[in-house]
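So the chains spell out like this:
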Amino acid sequence: MEMLHYDFMQRAFFAGALIALIASVLGVYLLLRRQALMADMLSHVSLAGIAAGALLHWNPTATGFAVALAGSVAVEWVRRTYKTYSEISIAIIMIGGLSSAAILMSRSNALNKSFSSYLFGSVVAVNRTELILMAAAAAVGAVFFLLLRRPLYQVTFDEDTAKTAGLPVKWLSMGFSVLTGMIVLAAMPIVGVLLVSSLIVLPASLAIRIAPSFAAAVWIAMTVALGGVFTGLTASYAFSMPPGASIAMTLLLILLAGIGAQKGFVKLGKRIHRTRDRSEKESPARIPRLSNKYSYMQSGGEEK
Amino acid sequence: MRTAESAFVRLFIKCKIYEYMERILDGLGGRLRKSAIVTGAHTVRSRLRMMRKVGVKQVQLATMREVMFGYADVPCLEDVTVDIRFGEFVAVTGPNGAAKTTLLKLMLGLLKPWSGEVRLAAKGTDGRKLVVGYVPQQIAAFNSGFPSKVLEFVLSGRFAQGSWLRRLRAEDREQAERALRQVGMWEWRNRRIGELSGGQKQRICIARVLAMEPDLLVLDEPTTGMDRDSRLGFYELMSRQVREHGRTVVMVTHGLAEAAPYLDRVIELRRKEDGGWKCCTTTSCKGHFSPAL
């Protein structure tokens, strides 16, 4: 635990915990909305913003944030216009972002070093401003997900039925995209541009596979992400590896282990529950006839 | 003598109570009074009669006037004029590609018509905001293994009522349970929805909509993948929603022969001479030409 005596490690752990908790919840929704690539795309685009900010001697975090916001609004707009081609639009915007970032980067050689920390993430890169930004993003995200968890469940399941149920789907969707932009930008200093989506996608994809219910999926994703970030940061300190890469690798290992364990359980469960399953399948699975009292009672309906 | 007297006194008291109620209702304003009276009515039919008596004009739940719509540059629906009234059981039918789903989506406001007018009543018969329950034909989330329990999913139908943050009450759970029992899926309540078969998924979607206690139920081919008994059970269930709970049901179906005894009206989409689709309202076997009231 000597590593926690260092100021920068404390900050890294604090920031990592915040981002792990909020990014994993975001990931569950993103994955179910089939927007897993969006986080990747936004990180590449905001990198261009950071590069532009550094070149113009503005606050790179602020410009990156502004560009990420613009990018998320643009994605939402494109998604609405071309519902079926969302992957293509994401790829196009991503290429634009990364190439302009690389070009802007090459203009100022002095910045090259800090850019590599943006690309791969560095605990040392977490300064006070970024920590505050991260805390703010996490707070906004927590409020968003807590207050809107029911509408979000409905919208994530199906937008059409959510709309007919009277939900402001447009605004929810837009708010969600903007929040994604915020969280991505806040997470970049920790895991880096290239691996930002690992924190969002990996815990969520394991959680969605093994969780019995939606609420459980959110909790599992949070636990996995938190475990992955803490283990990854510790490993990065112990073996002096880049933190982003070690966090991503840890999460990947957890995912593989989780899927393997699940498969094992399913095999085991098959052997044990073979008899029970059969009896369950034979129970009536029909819409009971109201006119036929016997059929209605049989399916457990109340007497009328 | 004594009994006659007491009967008179009772009548007198009753009259007084009514008088006070009238006064209170007057004080609360005309609109509230109307809705109060309407809520008191027992069945839909009597409710509708009451509504007309007290002067509530809004008997039309949905109206479409000369609506035109198309996905590409050619319109696929033309001259659509449909009225759906409160308390009707309506079927929409027509051959494949006759834009039945499009018609429903237009009615629900999910699609904007090129021209013409689509209106959905803002309030239900009880004077509260109109609650619409929609069961689409296919739901993409089912394919991606949406991690949710059946009961959790059906309970989400209750979210439509009240604030987004309200605590779920025992009543909400009861409604969800009743809805699941009505579609015969209560025993599956703890399963993940990804594990269910196509017909079962369809039915939990119907259960979720029933749990909403909607004024209007819109169902897009709800009986696809159901066996015959389930289909008949489903029509009976919907019919009861209409007759006893005062709901309005609009569903797309191909099995008109089976559903016919329960329906009030059939909307049929027919091909026009020049290739587009138009809309014909036909009566059902019940013999009402206008919507049954």
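Scroll up to find the structure this text is about.
To start, this report covers the structure provided alongside it. (Residues numbered from 1 in each chain as written. Chains lettered and ligands numbered in written order. Predicted model: local features only at pLDDT ≥ 70, side-chain atom pairs only at ≥ 80, totals over all residues.)

## Thoughts on the nonpolar core
Among the nonpolar cores identified, the biggest contains 155 residues, and Ile19(A), Val28(A), Ala187(A), Ala221(A) and Val154(B) are the most heavily contacted of them. Dropping the residues within four chain positions of it, Ala187(A) is found in contact with Ile19(A), Ala23(A), Val196(A) and Leu199(A). (Core = buried A, V, L, I, M, F, W, Y, C linked by C-beta atoms within 7 Å. Buried ≥ 20, exposed ≤ 12 C-beta atoms within 10 Å, placed from the backbone. Contact = placed C-beta atoms within 7 Å.)

## Notes on helix H6 (residues 170–182) of chain B
Residues and elements named next belong to chain B. Here H6 contains 13 residues, and its C-alpha end-to-end distance of 18 Å stays within 8% of the 18 Å for a straight helix at 1.5 Å per residue. The complete set of buried residues in H6 reads Gln175, Ala176, Ala179, Leu180 and Gln182. Buried residues along H6 cover an arc of 160° about the axis, so they all sit on one side. In H6, the exposed residues that point more than 90 degrees away from the buried face are Ala170 and Glu174. (Helix = DSSP H or I, 4+ residues; strand = E, 2+ residues; numbered from the N terminus. Expected span 1.5 Å × (residues − 1). Arc of directions from axis to C-beta.)

## With respect to the environment of Gln154(A)
Secondary-structure assignment places Gln154(A) in helix H7 (residues 149–157). The exposure class of Gln154(A) is buried, given the 22 C-beta atoms found within 10 Å. Between the C-alpha atom of Gln154(A) and that of Ile220(A), which follows or precedes it by 66 residues, the distance is 20 Å. Leave out the neighbours within four places in its chain, and Gln154(A) touches Ala162(A), Ala165(A), Leu167(A), Ser156(B) and Phe159(B).

## A look at the environment of Ile84(B)
All names here are of chain B. As for its position among the elements, Ile84 is in strand E2 (residues 77–85). Judged by local crowding, Ile84 falls into the buried class, with 23 C-beta atoms found within 10 Å. The sequence separation of Ile84 and Thr248 amounts to 164 residues, and the corresponding C-alpha distance is 8.4 Å. If sequence neighbours within four positions are ignored, Ile84 has contacts with Leu61, Ala62, Val90, Thr248 and Val250.

## Regarding the packing of helix H6 (residues 128–147) of chain A against helix H9 (residues 169–191) of chain A
All names here are of chain A. Between H6 and H9, the shortest axis-to-axis distance is 9 Å and the interhelical angle comes to 150°. When the interaxial angle is binned, H6 and H9 end up roughly antiparallel. Crossing angle aside, the handedness with which H6 passes H9 is left-handed. Residues Glu130, Leu133, Met134, Ala137, Val140, Gly141 and Phe144 of H6 touch H9, and the partners they reach there are Gly175, Leu179, Met182, Ile183, Ala186 and Pro189. Of the residues belonging to the contact of H6 with H9, the class tally is ten nonpolar, two polar and one charged. (Axes fitted to C-alpha atoms, helices over the stretch in contact; angles between N-to-C directions. Parallel < 35°, antiparallel > 145°, perpendicular 65-115°, else oblique. Left-handed = near helix turned anticlockwise from the far one by under 90°. Nonpolar A, V, L, I, M, F, W, Y, C, P; charged D, E, K, R; others polar.)

## Considerations on the interface of chain A and chain B
It is common to give the size of an interface as the accessible area that goes away when the parts come together. On the chain B side, the residues contacting the 33 residues of chain A number 37 residues. Breaking the side of chain A that touches chain B down by element, the ones donating at least two residues are H7, helix H8 (159–164) and helix H11 (214–238) of chain A. Element by element, the count of residues in the side of chain A that touches chain B is highest for H7(A), at five residues. When the residues that make up the side of chain A that touches chain B are grouped by side-chain class, the tally is 17 nonpolar, ten polar and six charged.

## A few points about the environment of Tyr237(A)
Along the polypeptide, Tyr237(A) turns up in helix H11. Not counting chain neighbours up to four residues away, the residues in contact with Tyr237(A) comprise Met3(A) and Met9(A).

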